[in-house]
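Residue strings, one per chain:
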Amino acid sequence: QKEVEQDPGPLSVPEGAIVSLNCTYSNSAFQYFMWYRQYSRKGPELLMYTYSSGNKEDGRFTAQVDKSSKYISLFIRDSQPSDSATYLCAITLSASKIIFGSGTRLSIRP
Amino acid sequence: DAGVIQSPRHEVTEMGQEVTLRCKPISGHDYLFWYRQTMMRGLELLIYFNNNVPIDDSGMPEDRFSAKMPNASFSTLKIQPSEPRDSAVYFCASSFGRTYNEQFFGPGTRLTVL
């Protein structure tokens with residue numbers, strides 16, 4: 001079993017829709033949860049970072065962590081064509097290497 | 001700051017040749033990471049350094065791969081001999097303070113081994 005599982009997509013939604021991206025993980029000891037965004041032919045860049053269970057909001061983006069279910073989500077409200085990218089979840093223990101999900105390719109149709 | 005700098009951006013080589021990828025991290029960052037990204041396996045951590053010292057190289061696929069960080073501003077990833085299955089995009093990233101702090105990625109080196 002992979003330590004982090006992520007549906008690769010692709011996911012295609014119309015502009016303005018709410019997008020839900022998800023990952024599951026296997027190790028309940030993981031403490032830090034991140035979402036990176038990667039545009040085509042670019043390196044990933046950090047989008048959201050959270051430590052605890054619950055929700056964290058930043059503009060149109062909300063990161064949600066449910067440690068009891070070992071499930072993390074990223075919601076994008078009012079999606080825009082510029083949100084079209086690959087989204088990678090990333091998790092880690094303290095002072096340990098980060099493990100990335102395989103990424104979900106998202107396309108927002110104008 | 002110019003961000004993480006990688007060279008070359010593209011490399012095409014023949015099987016059996018030696019390949020050297022280069023990385024200049026962001027000034028002041030004390031962690032440096034080398035990743036490989038493929039469609040099949042996603043983004044995989046190969047090795048990371050803290051203060052120029054290799055900490056975890058468990059992701060290095062085999063002895064053909066080696067990485068060095070002779071100083072705080074330069075690192076290399078070498079593949080010798082290269083094989084077609086090494087074809088991938090190789091990213092270098094750097095961060096400050098902790099492994100889970102924001103990692104800043106370079107633009108990547110797209111390697112094709114024929």
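About the cut-offs
- Residues numbered from 1 in each chain as written.
- Chains lettered and ligands numbered in written order.
- Predicted model: local features only at pLDDT ≥ 70, side-chain atom pairs only at ≥ 80, totals over all residues.
- Heavy atoms only, no water.
- Pairing = 2+ DSSP bridges.
- Helix = DSSP H or I, 4+ residues; strand = E, 2+ residues; numbered from the N terminus.
- Axes fitted to C-alpha atoms, helices over the stretch in contact; angles between N-to-C directions.
- 1 Å grid on protein atoms, 1.4 Å probe; cavity = no way out; pocket = protein on both sides within 12 Å on 5 of 7 lines; lining within 4 Å.
- Points joined across faces, edges and corners; volume = space filled by probe spheres on them.
- Nonpolar A, V, L, I, M, F, W, Y, C, P; charged D, E, K, R; others polar.
- Salt bridge = Lys/Arg side-chain N within 4 Å of Asp/Glu carboxyl O.
- Buried < 20%, exposed > 50% of the residue type's maximum accessible area, 1.4 Å probe, protein only.
- Phe/Tyr/Trp six-rings, centres within 6.5 Å; stacked < 30°, edge-to-face > 60°.
- Lys NZ or Arg CZ within 6 Å of the ring centre and 35° of its normal.
- Contact = heavy atoms within 4.5 Å.

Caption draft 1: Representation of the sheet that holds strand β3 (residues 19-24) of chain B within the structure. Residues and elements named next belong to chain B. The sheet built from four strands is open, its strands ordered β1-β3-β8-β7 with antiparallel pairing. Of all strands in the sheet, those with a lone pairing partner are β1 (5-7) and β7 (65-71), marking the two edges. Strand after strand, the sheet turns through a mean of 15° between neighbouring axes, direction not considered. Here β7 runs beside strand β8 (residues 74-79); their pairing, made up of five bridges, is antiparallel. Residue pairing in the sheet places Lys68 in a bridge with Thr76 of β8.

Caption draft 2: Local environment of the layout of surface pockets. Of the voids in this model, the largest pocket is the one considered here, and its volume is about 800 Å³. Taken together, 34 residues form the lining of the largest pocket, with A:Gln38, A:Thr86, B:Gln37, B:Thr38 and B:Met39 sitting closest to its centre. Breaking the lining of the largest pocket down by element, the ones donating at least two residues are β9 (85-92) and β11 (104-109) of chain A together with β4 (31-38), β9 (88-95) and β11 (109-113) of chain B. Top element by residues in the lining of the largest pocket is β11(B). It accounts for four residues. Along the lines of polarity and charge, the residues of the lining of the largest pocket split into eleven nonpolar, 16 polar and seven charged. Here the second largest pocket defines a volume of roughly 490 Å³. In terms of lining residues, the second largest pocket is bounded by 19 residues, among which A:Ile99, A:Phe100, B:Arg41, B:Leu43 and B:Glu44 are the most central. Contributions of two or more residues to the lining of the second largest pocket are made by β10 (99-100) of chain A together with β4 and β5 (42-50) of chain B.

Caption draft 3: A look at the pattern of salt bridges. Residues and elements named next belong to chain B. Tallied over the full model, the rule gives eleven salt bridges over all chains. Across the pair Arg41 and Glu44 runs a salt bridge whose closest N-O atoms are separated by 2.8 Å. Look at Arg41 and you get exposed, because its relative accessible area is 56%. With a shortest N-O distance of 3.3 Å, Arg85 and Glu62 are connected by a salt bridge. You can see Arg85 sitting in the loop between β8 and β9 and its partner Glu62 sitting in the loop between β6 (53-56) and β7, a full 23 residues away along the chain. Judged by its relative accessible area of 26%, Glu62 falls in the partly exposed class. Put simply, Glu62, Arg64, Glu83, Arg85 and Asp86 are held in one network by salt bridges that share partners.

Caption draft 4: Quick peek at the packing of aromatic side chains. Scanning all chains against the criterion turns up 14 aromatic pairs over all chains. Taking the centre distance of 5.3 Å and the plane angle of 35° together, the rings of B:Tyr35 and B:Phe105 count as tilted. Residue B:Tyr35 is located in strand β4, and its partner B:Phe105 is located in strand β10 (residues 104-105); the two are separated by 70 residues in the primary sequence. With respect to burial, B:Tyr35 and B:Phe105 carry one shared label: buried. Three or more aromatic residues link up through ring pairs in this structure, and these residues are A:Tyr36, A:Phe100, B:Tyr31, B:Phe33, B:Tyr35, B:Tyr48, B:Phe91 and B:Phe105. Across the ring face of A:Tyr51, the terminal group of A:Lys67 is positioned such that the distance to the ring centre comes to 5.3 Å.

Caption draft 5: Highlighting the side chain of A:Thr92. For A:Thr92, the position within the fold is in strand β9. In this structure A:Thr92 comes out as buried when scored by relative accessible area, which is 0%. Apart from the residues lying within four places of it in its own chain, the contact partners of A:Thr92 are A:Phe30, A:Gln31, A:Tyr32, A:Met34, A:Lys97, A:Ile98 and B:Tyr100.

Caption draft 6: Layout of the sheet that holds strand β1 (residues 4-6) of chain A. Residue and element names in this part refer to chain A. Ordered in space as β1-β3-β8-β7-β6, the five strands form an open sheet in which the pairing is antiparallel. The sheet terminates laterally at β1 and β6 (54-58), the two strands that pair on one side only. The average angle at which neighbouring strand axes cross in this sheet is 20°, direction not considered. Here β6 pairs with strand β7 (residues 61-66) via five bridges, running antiparallel. Of the residues in β7, the one forming a bridge with Glu57 is Thr62.

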